[in-house]
Amino acid sequence: MALKILDSCINCDMCDPECPNGAITLGAEIYEIDVDKCTECVGHYEKPTCVSVCPIDCVKPDIDNVEDEEALLAKFTRLYHLD
């Protein structure tokens, strides 16, 4: 499943540069994750880097965008034109 950043985000800018897919951007008030680009770092790392670097633990699974590892890998393949 894709990840989302909760409203408790403090805009510390730790997550944005760590995202290998460019899925994290600064929204109107807090950082946001583009579900079409988020692969939970599948294809890059073992664990999502945004979760690892968040100092307040506000990056959580997005229950509205559930994807299994196969779907996340397919998204990674599509994003990087590896078909």
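Please refer to the structure placed before this passage.
Computed from a predicted model, the values in this text were never measured in an experiment.

Concerning the packing of aromatic side chains
Here comes step 1: Applying the stated criterion across every chain yields a total of one aromatic pair.
Here comes step 2: On the numbers, 5.1 Å between centres and 40° between planes, the contact of Phe 76 with Tyr 80 is tilted.
Here comes step 3: Accessibility expressed as a relative area gives 11% for Phe 76, which makes it buried.

Side note on the pattern of salt bridges
Here comes step 1: Using the criterion set out here, one finds two salt bridges in the structure.
Here comes step 2: Between Lys 60 and Asp 57 there is a salt bridge, and its shortest N-O distance comes to 2.9 Å.
Here comes step 3: For Lys 60, a relative accessible area of 29% corresponds to the partly exposed category.
Here comes step 4: Residue class for Asp 57 comes out partly exposed when judged on its relative accessible area of 45%.

Observations regarding the side chain of Lys 75
Here comes step 1: Among the secondary structure elements, Lys 75 is positioned in helix H2 (residues 69-79).
Here comes step 2: The class for Lys 75 is buried, based on a relative accessible area of 3%.
Here comes step 3: Residues within four places of Lys 75 in sequence aside, it is in contact with Val 35, Asp 36, Lys 37, Cys 38, Thr 39 and Glu 67.

The rules behind these values
Residues numbered from 1 in each chain as written. Predicted model: local features only at pLDDT ≥ 70, side-chain atom pairs only at ≥ 80, totals over all residues. Heavy atoms only, no water. Phe/Tyr/Trp six-rings, centres within 6.5 Å; stacked < 30°, edge-to-face > 60°. Buried < 20%, exposed > 50% of the residue type's maximum accessible area, 1.4 Å probe, protein only. Salt bridge = Lys/Arg side-chain N within 4 Å of Asp/Glu carboxyl O. Helix = DSSP H or I, 4+ residues; strand = E, 2+ residues; numbered from the N terminus. Contact = heavy atoms within 4.5 Å.

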